[in-house]
Amino acid sequence: MTLSARLWLYGAAVPVVVLALALVATDRLFHLAQERSLDRALLAQAAVESVSLFDSPGHEVQLHMATSPLVESVRPFAPEGVLFGPEGEEETRYPPPKVDTPRERLAPLSPRDVPVLDTVQAGEERLRRLTVTVLSPLGKPFTLRLIASMAQLDHAALAVHQVALISVGAAALVLVTLQTVQGRKLRRRLEELHQHLEAVQAGHLARTLPPDPERDEVADLRHVLAATTETLEAARAQQERLLADAAHELRTPLTLMRTSLDLALRRQRSAEELRQAL
């Protein structure tokens, strides 16, 4: 794997994936927190409705939401309420049902059962339902069901998704751009070092390596290579001077020896004379 690929992988791809996973987990926790907040609101409303179900004269059942003087003020955000009698028949509903709306039936839960919270799909809208059983003063079980729309939660979740997507996309773009620029810059610096080492290997020690403007490990390596090249160049120059001095020192005695040989060979000599001359 090339250095640029590693920079993209570990400097851009992995951080973006980690960021995306963190945002997904955050979104899930945010959604659960909103859902729990809605559940607490439904339970609080159920508690209010339960204590006021039989407050009317004669202990007749009623929904507090339907009889409150603030009914019109709370209608836009108040949950729907349905009260079922001991036999499962629908007793009353808030807001009032339309004329053609069929009445529902729901068998009462055991008074010992805990409130039941569930989510249902109604067309394109999700609804959160709370079902709880309330005993009348005469001991009869009535079932109260509160229904709240989750549209606001879904809109908030959608907004969070959009922000998370934009954030991940922006982070990915910035990281990829930075790693691309850094990767190209680092590759160019390393290519200069590689070319310099190739020149040194070929014997071109006179090649200079200019200083690196950066202050990092590559710049330190560049400085060491430049100093090493200068040391090698100085050592080669010293070796050449030594060879030149040795050649100069050897040239005079060799010349004298050659002159003596030339003089010995200028005329005919016997083997004994040649041996003495040599």
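Residues numbered from 1 in each chain as written. Predicted model: local features only at pLDDT ≥ 70, side-chain atom pairs only at ≥ 80, totals over all residues. Heavy atoms only, no water.

1. A few points about the overall build of the protein chain
No. 1: Check the secondary structure of the protein chain and you find six helices and five strands.
No. 2: Start at the N end of the protein chain and walk to the C end: the helices and strands fall as α-α-α-β-β-β-β-β-α-α-α.
No. 3: Whereas a compact globule of 278 residues would reach a radius of gyration of roughly 19 Å, the protein chain reaches 48 Å, over 25% beyond that.
No. 4: Taken along its principal axes, the extent of the C-alpha atoms in the protein chain is 160 × 35 × 30 Å. (Helix = DSSP H or I, 4+ residues; strand = E, 2+ residues; numbered from the N terminus. Rg over C-alpha atoms; globule rule 2.2 N^0.38 Å.)

2. Regarding the packing of helix H1 (residues 3-52) against helix H4 (residues 151-201)
No. 1: Between H1 and H4, the shortest axis-to-axis distance is 9 Å and the interhelical angle comes to 165°. When the axes of H1 and H4 are compared, the pair comes out roughly antiparallel. For the pair H1 and H4, the crossing hand works out as right-handed.
No. 2: Its residues placed into classes, the contact of H1 with H4 shows 23 nonpolar, 10 polar and four charged. (Axes fitted to C-alpha atoms, helices over the stretch in contact; angles between N-to-C directions. Parallel < 35°, antiparallel > 145°, perpendicular 65-115°, else oblique. Left-handed = near helix turned anticlockwise from the far one by under 90°. Nonpolar A, V, L, I, M, F, W, Y, C, P; charged D, E, K, R; others polar.)

3. Notes on the sheet that holds strand S2 (residues 90-94)
No. 1: Taken together, five strands build an open sheet; the order of strands is S2-S1-S5-S4-S3 and the sheet is antiparallel. On the outer flanks of this sheet lie S2 and strand S3 (116-122), each paired with one strand and no other. Across the sheet, the mean angle separating the axes of adjacent strands is 20° when strand polarity is ignored.
No. 2: Pairing between S3 and strand S4 (residues 125-135): seven bridges, direction antiparallel. Each bridged residue has a counterpart across the sheet, and for leucine 117 the counterpart in S4 is leucine 130.
No. 3: With respect to the sheet, H1 is in contact with S3, S4 and strand S5 (141-149), its orientation differing from that of S4 by roughly 35°. (Pairing = 2+ DSSP bridges. Contact = heavy atoms within 4.5 Å.)

4. Brief notes about the pattern of salt bridges
Oppositely charged side chains can form a pair if their charged atoms are brought close together.
No. 1: Using the criterion set out here, one finds eight salt bridges in the structure.
No. 2: A salt bridge links aspartate 118 to arginine 129, with the shortest nitrogen-to-oxygen separation between them at 2.7 Å. With aspartate 118 in strand S3 and arginine 129 in strand S4, this residue pair connects regions lying 11 residues apart in the sequence.
No. 3: What you see here is one network of salt bridges that share partners, running through Glu35, Asp39 and Arg128. (Salt bridge = Lys/Arg side-chain N within 4 Å of Asp/Glu carboxyl O.)

5. Regarding helix H5 (residues 217-264)
No. 1: Across its 48 residues, H5 extends 69 Å between first and last C-alpha, which sits within 8% of the 70 Å expected from 1.5 Å per residue.
No. 2: Of all the bends found along H5, the most pronounced is centred on arginine 251 and spans about 30°, while proline 253, a proline, follows it within four residues.
No. 3: The secondary structure elements touched by the buried residues of H5 are H4 and helix H6 (271-277). (Expected span 1.5 Å × (residues − 1). Bend = angle between axes of the 7 residues up to and from the residue.)

6. As for the environment of alanine 107
No. 1: Residue position: alanine 107 is located in the loop between S2 and S3.
No. 2: C-alpha of alanine 107 to C-alpha of glutamate 89: the two residues are 18 residues apart in sequence and 8.0 Å apart in space.
No. 3: When residues no more than four places from it in sequence are discounted, the contact partners of alanine 107 are Gly88 and Thr143.

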